[in-house]
Amino acid sequence: MLGEQIGEETGQVTGIRVLPDDGTGSKVEVSFQSNGTLLGAHVSNMGTYVSTPRPDGTLFGEGQGVTVTEEGEMATWRGGGVGHLTGHGTAASWRGAIYFQSTSERLARLNGIAAVFEFETDESGKTTDKTYEWK
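About the thresholds
- Residues numbered from 1 in each chain as written.
- Predicted model: local features only at pLDDT ≥ 70, side-chain atom pairs only at ≥ 80, totals over all residues.
- Heavy atoms only, no water.
- Helix = DSSP H or I, 4+ residues; strand = E, 2+ residues; numbered from the N terminus.
- Rg over C-alpha atoms; globule rule 2.2 N^0.38 Å.
- Buried < 20%, exposed > 50% of the residue type's maximum accessible area, 1.4 Å probe, protein only.
- Contact = heavy atoms within 4.5 Å.
- Areas by Shrake-Rupley, 256 points an atom, 1.4 Å probe, with all protein chains shown as cover.
- Core = buried A, V, L, I, M, F, W, Y, C linked by side-chain atoms within 4.5 Å.
- Pairing = 2+ DSSP bridges.
- Phe/Tyr/Trp six-rings, centres within 6.5 Å; stacked < 30°, edge-to-face > 60°.
- Axes fitted to C-alpha atoms, helices over the stretch in contact; angles between N-to-C directions.

A.B. asks: Tell me about the overall build of the protein, residues and numbers included.
C.D. replies: Within the protein one finds zero helices and eight strands. For the protein, the N- to C-terminal ordering of α and β elements is β-β-β-β-β-β-β-β. Here the C-alpha radius of gyration of the protein, 15 Å, is about what a compact globule of 135 residues would show, namely 14 Å. Taken along its principal axes, the extent of the C-alpha atoms in the protein is 45 × 30 × 25 Å. The proportion of buried residues among the 135 residues of the protein is 41%. Once local pairs closer than 6 in sequence are excluded, the contacts in the protein between residues at least 24 apart make up 43%. Working note: accessible area of the protein is about 7,500 Å², and carbon and sulfur atoms make up 55% of it.

In structure tokens:
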């Protein structure tokens, strides 16, 4: 069941590159930076994910990143999801799960939860993200 919304961010794609075909097809690497809130704390987030096209036209993605509060507390994250291009250049819509790890007392709650996300990128590279606790 979808639980409480624990985060919301807006940001920008900072880099895109096509990775060499490793025998399973080409992949696209996307890096982004965003700012917003997580567990009520103001945060900056940076991450990179690799998107793999699937035969049915959907995308599979896996990524990792680092979230930092204004006070310098950090959490790392790893996640995966399914997406699709929305028909506007590289604009895409993603849904998936994310798992955090932190030694910060303020962010410690993240260690024991699975979170789900809605991640959108528009044709100009602007990003929006909402993160919810998965109950």
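A.B. asks: Now, about the environment of Ala 75: what can you tell me, with residues and values included?
C.D. replies: Examined against the element boundaries, Ala 75 turns out to sit in strand S5 (residues 74-85). Owing to a relative accessible area of 1%, Ala 75 belongs among the buried residues under this scheme. Sequence separation between Ala 75 and Lys 130 is 55 residues, and the spatial gap between their C-alpha atoms is 17 Å. When sequence neighbours within four positions are dropped, the list of residues in contact with Ala 75 reads Gly 65, Val 66, Thr 67, Phe 100, Gln 101, Ser 102, Leu 107 and Leu 110.

A.B. asks: Can you lay out the nonpolar core for me, pointing to particular residues and giving the numbers?
C.D. replies: Trp 94, Phe 100 and Leu 110 are the most contacted members of the largest nonpolar core, which totals 21 residues. At the level of elements, strand S1 (2-19), strand S2 (27-38), strand S3 (41-53), S5, strand S6 (92-101) and strand S7 (114-121) are the ones that each hand at least two residues to this core. It is S6 that provides the largest number of residues to this core, a total of four residues. The residues touching Phe 100, leaving out its near neighbours within four places in the chain, are Leu 38, Thr 67, Ala 75, Thr 76, Trp 77, Leu 110, Asn 111 and Ala 115.

A.B. asks: Could you give an account of the pairing of S7, with specific residues and numbers?
C.D. replies: Of the pairings in the sheet, the one linking S6 to S7 comprises seven bridges and is antiparallel in character. Residue pairing for S7: Arg 95 is matched across the bridge by Glu 118. Looking at chain direction, S7 and strand S8 (residues 126-134) are connected through eight bridges and run antiparallel. Paired with Val 116 across the strands is Tyr 132, a residue of S8.

A.B. asks: Explain the packing of aromatic side chains residue by residue, including any values.
C.D. replies: Taken as a whole, this structure holds five aromatic pairs when the rule is applied. Their ring planes at 85 degrees and their centres at 6.0 Å tell us that Tyr 49 and Phe 119 sit as a pair that is edge-to-face. On the criterion of sequence distance, the pair formed by Tyr 49 in strand S3 and Phe 119 in strand S7 is long-range, its members being 70 residues apart. Phe 119 carries the same exposure label as Tyr 49, and that label is buried.

A.B. asks: Give a detailed account of unusual backbone geometry, specifying residues and quantitative values.
C.D. replies: Unusually for a residue other than glycine, Leu 39 sits at a positive phi of about 50 degrees. With respect to the helices, strands and loops of the structure, Leu 39 is situated in the loop between S2 and S3.

A.B. asks: I'd like a rundown of the sheet that holds S7, residues and numbers included.
C.D. replies: Within the closed barrel, the eight strands sit side by side as S1-S2-S3-S4-S5-S6-S7-S8. Their pairing is antiparallel. Neighbour to neighbour, the strand axes of the sheet diverge by 25 degrees on average, direction disregarded.

A.B. asks: Explain the side chain of Thr 69 to me, using residue names and the numbers behind them.
C.D. replies: Within the secondary structure, Thr 69 is located in strand S4 (residues 59-69). By relative accessible area, which is 4% here, Thr 69 ends up buried. Not counting residues within four places of it along the chain, the set of residues in contact with Thr 69 comprises Ala 41, His 42, Val 43 and Leu 107.

A.B. asks: Can you explain the pairing of S8? Please cite residues and give values.
C.D. replies: As defined by bridge partners, S1 adjoins S8 across eight bridges and the pair is classed as antiparallel. The partner of Gly 7 across the bridge, within S8, is Thr 131. Where S7 hands over to S8, the hairpin turn is made up of four residues, of which Gly 125 adopts a positive phi near 90 degrees.

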